[in-house]
Amino acid sequence: SNDFTSHPTRLGVRLKEAGQVSFDFSGLETFGHDVFLIDHAQNNKETNVKTNPKYTFTVTKPSAGDTFIELNDRFSLRMNYTGIGVGDEAVSPARLHTSSGNGFIRVQAGSSTISSLQIYTISGALVYSSNKRSEEFHVAVNGQQTYLVKAKTGADYTVEKVFVK
């Protein structure tokens, strides 16, 4: 499913030292979804990081002998579709064919032409953008993670989630 509402994504966090830590999700203002950070250590507290992009929390010292502090079960991300994309364009139902493998994302538009393509990390950082018209894109990305692919075909935008292995 491409729906983070019914399938929140767990975040893995590795820290070198204890103390106060902040996440900064700035830049999501034009993203077509509300993005909620769920802090499971705070009774599943949800924060909309699109409207409140900074989230600060405190981490205690690691156990003796541990080099890093692992918070692999503390946070999840959940999204709610808002129907508004970059420039307030409506986002349409899926019309793309996306696939991934070996560090690449492949995006095809079927019988249409893609006139604009953006690829974001799950935290909202833009990693690729093109206004080149094409029926197909092959984009190299760094790292094994989940990406959001946003493409414009005709007057509509489509957003899909892709995991790259």
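Sequence order sets the numbering: in each chain, residues are counted from 1 along the sequence as written. Local features are withheld for residues below a pLDDT of 70 in this predicted model, meaning they are given only at 70 or higher, and side-chain atom pairs are given and counted only at 80 or more; totals for whole chains, interfaces and linings count all residues. Only hydrogens and water are set aside when side-chain values are computed; all heavy atoms of the structure are taken into account.

(A) Expanded view of the overall build of the chain. Tallying secondary structure elements over the chain gives zero helices and 15 strands in all. Burial classes follow relative accessibility: with a 1.4 Å probe on protein chains only, a residue under 20% of its type's maximum area counts as buried, one over 50% as exposed, and anything between as partly exposed. Taking all 165 residues of the chain together, the buried fraction comes to 42%. Throughout, a residue-residue contact means that at least one pair of heavy atoms, one from each residue, lies within 4.5 Å. Relative to all contacts within the chain whose residues are 6 or more apart in sequence, the contacts with residues 24 or more apart total 61%. For the chain, the exposed area adds up to about 9,100 Å²; of that, 45% sits on carbon and sulfur atoms. The helix count covers DSSP runs of H or I at least four residues long, the strand count covers runs of E at least two residues long, and both are numbered beginning at the N terminus. Accessibility throughout is a Shrake-Rupley quantity obtained with a 1.4 Å probe, and a residue counts as covered only by protein chains that appear here.

(B) Fine view of the nonpolar core. Only buried Ala, Val, Leu, Ile, Met, Phe, Trp, Tyr and Cys residues count toward a nonpolar core, and they belong to the same one when joined by side-chain atoms within 4.5 Å. The biggest cluster of nonpolar side chains holds 21 residues, and the ones touching the most others in it are Phe23, Leu37, Phe57, Leu71 and Phe75. Counting only elements with at least two residues in this core, the list comes to strand 3 (19–24), strand 4 (33–39), strand 6 (54–59) and strand 8 (75–81). If we skip the residues at most four places from it in the chain, phenylalanine 57 touches Gly19, Gln20, Val21, Phe23, Leu71, Arg74 and Phe75. The next biggest cluster of nonpolar side chains, apart from the first, holds 15 residues, and it includes Ile105, Ile114, Val149 and Ala151.

(C) Molecular detail of unusual backbone geometry. Even without being a glycine, asparagine 43 presents a positive backbone phi close to 55 degrees. Of note, asparagine 43 is situated in the loop between strand 4 and strand 5 (45–48). Asparagine 43 sits in the exposed class, given a relative accessible area of 76%. In this structure, asparagine 102 takes a positive phi of about 55 degrees despite not being glycine. Turning to its location among the elements, asparagine 102 is positioned in the loop between strand 9 (97–101) and strand 10 (104–108).

(D) How the structure looks around the pattern of salt bridges. By convention in these notes, a salt bridge is any Lys or Arg side-chain nitrogen within 4 Å of a carboxyl oxygen on Asp or Glu. Inspection of the entire model under this criterion finds five salt bridges. Here arginine 78 makes a salt bridge to glutamate 46, at a shortest N to O gap of 2.5 Å. Here arginine 78 is found in strand 8, whereas its partner glutamate 46 is found in strand 5, with 32 residues between them in sequence. Judged by relative accessible area, which is 39%, glutamate 46 ranks as partly exposed.

(E) Layout of the environment of glycine 154. Among the structural elements, glycine 154 can be located in the loop between strand 14 (145–153) and strand 15 (156–164). Judged by its relative accessible area of 57%, glycine 154 is exposed.

(F) Representation of the sheet that holds strand 9 in the model. In this scheme, strands are said to pair when DSSP sees at least two bridges between them. Taking strand neighbours across the sheet as the criterion, the three strands line up as 9-10-13 in an open arrangement whose pairing is antiparallel. If you trace the sheet from one side to the other, it starts and ends with strand 9 and strand 13 (136–140), each paired once. Between one strand axis and the next, the sheet turns by 15 degrees as a mean value, whatever way the strands run. Here five bridges tie strand 10 to strand 13, and the two strands are oriented antiparallel to one another. Note on strand 13: the bridge partner recorded for valine 107 is phenylalanine 137. Each axis is a line fitted through C-alpha atoms, taken for helices only over the stretch in contact, and angles between the N-to-C directions span 0 to 180 degrees.

(G) Looking closely at the sheet that holds strand 12 (residues 126–130). The strand order across the open sheet formed by four strands is 12-11-14-15, and the pairing between neighbours is antiparallel. The two strands at the open ends of the sheet, each matched to only one other strand, are strand 12 and strand 15. Looking at each pair of strands side by side, their axes are set apart by 15 degrees on average, direction ignored. For strand 14 and strand 15, the ladder comprises nine bridges, and the chain directions are antiparallel. Opposite lysine 152, over in strand 15, you have tyrosine 157 as the bridge partner.

(H) Quick look at the environment of glutamate 17. In this fold, glutamate 17 is placed in the loop between strand 2 (14–15) and strand 3. Here the alpha-carbon distance between glutamate 17 and threonine 67, two residues 50 residues apart in the chain, equals 8.6 Å.

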